[in-house]
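The primary structure of each chain is shown beneath.
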Amino acid sequence: MDFEFDEELQAMRDMARNFAERKIRPTMEEDEKEHRFRREIVEDMARQGFFGCIAPEEYDGNDAGFMGATVMCEEIARVSPSWGLPFNLQMMGMQTVLMNHGTDEQKAAFYPGLVSAKTLGAFAITEPNSGSDVAGMGTTATVTDDGFLLNGTKTWISGIPVADVAVTFAYTDKSKKHRGISAFLIEDMHAEGIEQIAIESKLGLYCAPTGEITFQDAFVPKKNLVGEMGEGFKICMIMLDSTRLSSASRAVGVGQALIEYCVQYANERTQFGQPIGKFQMIQDQIADMYIEHEAAKLLVYRSAWEKDKQWRATGKVFKTTLNTSVAKLYAAEAASHAANLAMKIYGSYGFSTEYPVERYYRDSKTYQVVEGTSNIQKVIIAGFALGYRK
Ligand SMILES: Cc1cc2nc3c(=O)[nH]c(=O)nc-3n(C[C@H](O)[C@H](O)[C@H](O)COP(=O)(O)OP(=O)(O)OC[C@H]3O[C@@H](n4cnc5c(N)ncnc54)[C@H](O)[C@@H]3O)c2cc1C
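**Student:** Please provide a residue-by-residue account of the overall build of the protein chain, values included.
**Tutor:** Looking only at helices and strands, one finds eleven helices and ten strands in the protein chain. Expected size for 390 residues packed as a compact globule is a radius of gyration near 21 Å; at 21 Å, the protein chain falls within 12% of this value. Its C-alpha atoms give the protein chain principal-axis dimensions of about 80 × 45 × 40 Å. Every one of the 390 residues in the protein chain was classed for burial, and the buried ones make up 49%.

**Student:** Describe the domain arrangement of the protein chain, with residues and values.
**Tutor:** Here the protein chain is partitioned into domain 1 (7-116), domain 2 (123-230) and domain 3 (233-385). Between the C-alpha centres of domain 2 and domain 3 the distance comes to 29 Å. Tallying the contact residues gives 15 residues for domain 2 and 13 residues for domain 3. In terms of residue class, the side of domain 2 that touches domain 3 is made up of ten nonpolar, four polar and one charged.

**Student:** Can you break down the site of the ligand residue by residue, with the values?
**Tutor:** Taken together, 19 residues lie near the ligand, and Ile125, Gly131, Ser132, Thr373 and Asn375 sit nearest. Looking at the shell around the ligand, the elements that each hand over two or more residues are strand 1 (123-124), strand 3 (147-158) and helix 11 (374-385). Classifying every residue of the shell around the ligand gives ten nonpolar, nine polar and no charged. For the shell around the ligand, the two domains that each supply at least three residues are domain 2 (123-230) and domain 3 (233-385).

**Student:** Summarise helix 9 (residues 321-345); cite the residues concerned and give the values.
**Tutor:** Helix length check: helix 9 (25 residues) gives 36 Å between terminal C-alpha atoms against 36 Å at 1.5 Å per residue, within 8%. For helix 9, the buried fraction is high: 19 of the 25 residues fall into the buried class. Phi turns positive, to about 55°, at Gly347, one or two residues after helix 9.

**Student:** Go over unusual backbone geometry, please, and point to the residues and values.
**Tutor:** Omega for the peptide link from Ile160 to Pro161 comes to 20°, which places this bond in the cis form. Structurally, the position occupied by Pro161 is in the loop between strand 3 and strand 4 (166-171). Despite not being glycine, His35 has its phi angle at roughly 55°, a positive value. Mapped onto the secondary structure, His35 falls in the loop between helix 1 (7-34) and helix 2 (39-47). Exposure remark for His35: the 15 C-beta atoms within 10 Å place this residue in the partly exposed category.

**Student:** Any chance you could break down the nonpolar core for me, citing the residues and the numbers?
**Tutor:** Core analysis: the biggest nonpolar cluster contains 120 residues, and Phe184, Ala251, Leu258, Ala331 and Ala342 have the highest contact counts within it. Looking at this core element by element, the count peaks at 15 residues for helix 7 (residues 232-268). Filtering out sequence-adjacent residues up to four positions away, Phe184 remains in contact with Ala141, Phe148, Leu150, Thr168, Ala170, Val220, Asn224, Leu225 and Val226.

**Student:** Describe the packing of helix 8 (residues 280-314) against helix 9, listing the residues and the values that go with them.
**Tutor:** In contact at an axis separation of 8 Å, helix 8 and helix 9 are set at 155° when each is read in the N-to-C sense. Here helix 8 lies roughly antiparallel to helix 9, going by the angle between them. You can see that helix 8 and helix 9 cross each other, and the crossing is left-handed. Residues of the contact of helix 8 with helix 9, tallied by class, amount to 14 nonpolar, six polar and five charged.

**Student:** Could you give an account of the environment of Glu57, naming the residues involved and the relevant values?
**Tutor:** When you line up the elements, Glu57 lands in the loop between helix 2 and helix 3 (65-79). Measuring from C-alpha to C-alpha, the distance between Glu57 and Met281 comes to 52 Å, with 224 residues separating the pair along the chain.

**Student:** Could you give an account of the packing of helix 5 (residues 94-101) against helix 7, naming the residues involved and the relevant values?
**Tutor:** Orientation of helix 5 relative to helix 7, taken along the N-to-C sense of each, is 125°, at an axis distance of 9 Å. Considering their axes alone, helix 5 and helix 7 lie oblique with respect to each other. With respect to the hand of their crossing, helix 5 and helix 7 are arranged in right-handed fashion. The segment helix 5 lies against helix 7, with Thr96, Val97, Asn100 and His101 engaging Ile235, Ile238, Met239 and Ser242. Tallied by class, residues from the contact of helix 5 with helix 7 come to four nonpolar, four polar and no charged.

So, how was this worked out
- Residues numbered from 1 in each chain as written.
- Predicted model: local features only at pLDDT ≥ 70, side-chain atom pairs only at ≥ 80, totals over all residues.
- Helix = DSSP H or I, 4+ residues; strand = E, 2+ residues; numbered from the N terminus.
- Rg over C-alpha atoms; globule rule 2.2 N^0.38 Å.
- Buried ≥ 20, exposed ≤ 12 C-beta atoms within 10 Å, placed from the backbone.
- Domains from an automatic or database assignment.
- Contact = placed C-beta atoms within 7 Å.
- Nonpolar A, V, L, I, M, F, W, Y, C, P; charged D, E, K, R; others polar.
- Near = placed C-beta within 6 Å.
- Expected span 1.5 Å × (residues − 1).
- Core = buried A, V, L, I, M, F, W, Y, C linked by C-beta atoms within 7 Å.
- Axes fitted to C-alpha atoms, helices over the stretch in contact; angles between N-to-C directions.
- Parallel < 35°, antiparallel > 145°, perpendicular 65-115°, else oblique.
- Left-handed = near helix turned anticlockwise from the far one by under 90°.

Shown next, in the form of structure tokens:
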């Protein structure tokens, strides 16, 4: 593995950093206060090619790959974790489902809108009574002559209530347990039988909408079933393998931002006649942040590299679970730990909403929950380590 980015990746990183500074930072503070999502920013991101990294060439794919997506997402999250979300919603979720399991017709129907951000995407798995236990879902899809009728509720879904399209999962045969779940592409999230409601009461990610979806006899045509009936659980797990990488890259962006802020603050803030950075205990905290950030980056890049290797060889990305779970768990915990330490380094100013670290502290908590909690990543990792999973 090459530990240096080539010129192309470096250029992508610079471009994304530049974009974040020019297009996101100027209105960010105000948008955070107003909990404002700006569709035009997602469209602008699309124009930079952010969502074409893993798309086929005929759908404006730019060959940046998982590594390109990772590096660019990291740079955006460094400025605002909220704005890292579209990488997942426009690309890592629905696009990997299309890449691995989509028919030509499905690809033609969904890729253009996702890559250009003319349609906003989402992936809906979680339900009020089913989070970690995906097979515990209650949503059902009843077979009709020409398709399916979906009934149920999904909650804590990123991109709701602004999503135009989605991939979701429902039981077509409850008696078969997880082998009775099927995957569906939703062409119009504003159609009859589908309601999207915002979740306003949340700790962070104020510029990234999160919400609930109710399906009430929502019709999905047969052509929008993904794979075969009963393959939904497998499709969902394979998709999560890629969305996990994306949340891990956002966590790395948060770690980077926190180190930069803390180094600056430790050099500027003086107590007892010297910059606080001269105190050994502050150095200990900065060193911990630094080490964990470096380790997180390498694990995340290894996961992206492994996916790229598969994707470039086969056009698909399947079994990368172990490395992705290791990266996701470690990056999530490192970001959260860095935010915890940053709050201490900033003292009372860490507690102030006038300073940036409290925002990263709040936003960083999501990485320990989304795409499978840290506990769930440990269950997966231990399963491999013990030889129970292959
Ligand atoms: C900001 C945000 C955005 C999100 N976006 C999406 C999205 O786009 N799409 C989507 O489908 N979902 C999304 N989610 C939901 C998220 O994926 C779930 O919250 C997550 O999977 C955990 O489910 P839960 O909250 O129901 O917790 P639970 O599953 O109820 O877990 C509660 C606790 O029990 C622990 N636990 C559960 N099972 C085990 C076990 N077997 N072993 C050890 N510990 C266990 C968990 O680790 C956790 O600590 C989002 C959540 C948030 C907060």
